[in-house]
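# Survey of secondary and tertiary structure
Given next are the chains, with one letter for each unit.
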Amino acid sequence: MSMHNSSLFNVKDKVVLVTGGSRGIGLMIAHGFVANGAKVYISSRSAKVCDKVAEELSKLGPGKCISVPADLQSLDEVKRLVAEISKHESKVHVLVNNAGATWGESLATYPDQAFEKVMNLNLKRVFSLTQAMLPLLDAAATQTAPSSIINIGSVDGFHVPMQETFAYSASKAALHQMTRVLASHLGSRHITCNAIAPGPFESKMMAQTLKDFGDVIVASVPLGRIGQPEDIAATAIYLASRAGAYTTGTVIPVDGGILVKAKA
């Protein structure tokens, strides 16, 4: 039994895939794993950005980062991504399903196409990629060191957001439920499946909202600040390490207390 701190949260040499890993919350998580010695594959739509970020993170070390650009809206691209990784790896310990999209528009004009895109990327393709990654996750999984699937949900999957993001908030609530269902089916295979539900972080998706409503948002957070990269990276590392090996089917809010703030 190892209670030594560094072994409890150790992710050194684990192989990790972070989708949407070139910016925002995905980048924060990828950086955290690389900084703690993991080998991290990141995907994003823009090959140029993905390559550049992987190079920068690898320089920082001590782990390394490899770019595998892919547009996860497409099922073929999901399969190609897994095929690419399979060329280099016989097993993957951690899958972070972070790639996502949002769309804000008034109820009357909210476009069908936007709804499709958001639900497809945020929910259906998380399932497709998880399905396709199962052989690699199975290969890494043991009873004492399970493989780990981490889905990035949102506090908006719990409460009603200020913005008119009909598809986004629905997709995240559905993702939270899918996380629980997957956990139930994957337990016997020694794969944990959890979700993290971030509150406000400095991401590209949040940038405009923070610009417009920054003060209001901070005022709604009991801890009185926006999330920092360490806050989200550390939660993912907990779930992927010995520390989180008996935690599955949970949705962990990392939101500074937004969901528990008393309403007037």
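Residues numbered from 1 in each chain as written. Predicted model: local features only at pLDDT ≥ 70, side-chain atom pairs only at ≥ 80, totals over all residues. Heavy atoms only, no water.

## Considering the nonpolar core
Spelled out, the test is: What is meant by a nonpolar core is a set of buried Ala, Val, Leu, Ile, Met, Phe, Trp, Tyr and Cys residues, joined one to another through side-chain atoms within 4.5 Å. In this scheme, a residue with accessible area under 20% of its type's maximum is buried, one over 50% is exposed, and one in between is partly exposed, where area comes from a 1.4 Å probe on protein chains only. Strands are runs of DSSP state E lasting at least two residues, helices are runs of H or I lasting at least four, and both sets are numbered from the N terminus onward. Here, two residues are considered to be in contact whenever any of their heavy atoms come within 4.5 Å of each other.
The biggest cluster of nonpolar side chains holds 30 residues, and the ones touching the most others in it are Leu 17, Leu 72, Leu 81, Ile 85, Leu 129 and Met 133. Secondary-structure elements contributing two or more residues to this core are strand 1 (15-19), helix 4 (75-88), helix 5 (112-140), helix 6 (166-186) and strand 6 (191-198). Here this core takes eight residues from helix 5, the largest share from any one element. Contacts of Ile 85, omitting those with residues within four sequence positions, involve Leu 17, Tyr 41, Val 68, Val 92 and Leu 136. Of all hydrophobic cores here, the second largest spans 29 residues; its members include Ile 42, Leu 57, Val 96 and Ile 150.

## What to know about the UniProt feature "domain: Ketoreductase" (unreviewed entry) in the protein
Filter applied, for reference: UniProt positions are given in the numbering used here, feature names are shortened, and annotations may be inferred rather than shown by experiment.
In this structure's numbering, the residues bearing the UniProt feature "domain: Ketoreductase" (unreviewed entry) are residues 14-158. With 48% helix and 17% strand, residues 14-158 has end C-alpha atoms that lie 31 Å from one another.

## Re the packing of helix 2 (residues 24-35) against helix 8 (residues 229-240)
Heads up, the rule is: To define axes, lines are fitted to C-alpha atoms, for helices over the stretch in contact only, and angles between the resulting N-to-C directions are given on a 0 to 180 degree scale. Roughly parallel covers angles under 35 degrees, roughly antiparallel covers those over 145, roughly perpendicular covers 65 to 115, and oblique covers all other angles. Handedness of each helix crossing follows the sense of rotation of the near helix against the far helix: counterclockwise by less than a right angle gives left-handed, clockwise gives right-handed. The nonpolar class holds Ala, Val, Leu, Ile, Met, Phe, Trp, Tyr, Cys and Pro. Asp, Glu, Lys and Arg form the charged class, and all remaining residues, Gly among them, are polar.
Contact geometry for helix 2 and helix 8: axes closest at 8 Å, N-to-C directions at 60°. Classified by the interaxial angle, the pair formed by helix 2 and helix 8 is oblique. Between helix 2 and helix 8 lies a crossing whose hand is right-handed. Every residue of helix 8 that contacts helix 2 at Ile 25, Met 28, Ile 29, Gly 32 and Phe 33 is listed here: Pro 229, Ile 232, Ala 233, Ala 236, Ile 237 and Ala 240. For the contact of helix 2 with helix 8, a count of residues per class yields ten nonpolar, one polar and no charged.

## Some thoughts on the packing of aromatic side chains
Heads up, the rule is: Pairing of aromatic side chains here covers Phe, Tyr and the six-membered ring of Trp, requires ring centres within 6.5 Å, and sorts the geometry by plane angle: under 30 degrees stacked, over 60 edge-to-face, intermediate tilted.
One pass over the structure, following the stated rule, counts two aromatic pairs. Between the aromatic rings of Tyr 110 and Phe 115, the centroid separation amounts to 6.0 Å while the plane-to-plane angle is 75°, which identifies the pairing as edge-to-face. Summarising the aromatic geometry, the rings of Tyr 110 and Phe 166 are spaced 5.5 Å apart at their centres and angled 85° between planes, so their arrangement reads as edge-to-face. A residue pair is termed long-range when its members are at least 10 positions apart, and Tyr 110 in the loop between strand 4 (94-97) and helix 5 and Phe 166 in helix 6 qualify at 56 residues. In this structure an aromatic cluster arises from ring pairing among Tyr 110, Phe 115 and Phe 166.

## Re helix 3 (residues 47-60)
Cut-off, in case you're wondering: Helix span, as expected, comes to 1.5 Å for every residue beyond the first. In this context, the arc is that of the directions from the helix axis out to the C-beta atoms.
Between its first and last C-alpha, helix 3 extends 20 Å over 14 residues, near the 20 Å set by a 1.5 Å rise per residue. Every buried residue belonging to helix 3 is among Cys 50, Val 53, Ala 54 and Leu 57, and all of these are buried. Across the axial projection of helix 3, the buried residues extend over an arc of 100°, all falling on one side. What points out from helix 3, more than 90 degrees from its buried face, is the exposed set Lys 48, Lys 52 and Lys 59. In the core, the buried residues of helix 3 are packed alongside helix 2, strand 2 (39-43) and strand 3 (64-67). Of the residues trailing helix 3, Gly 61 is marked for its positive phi of about 60°.

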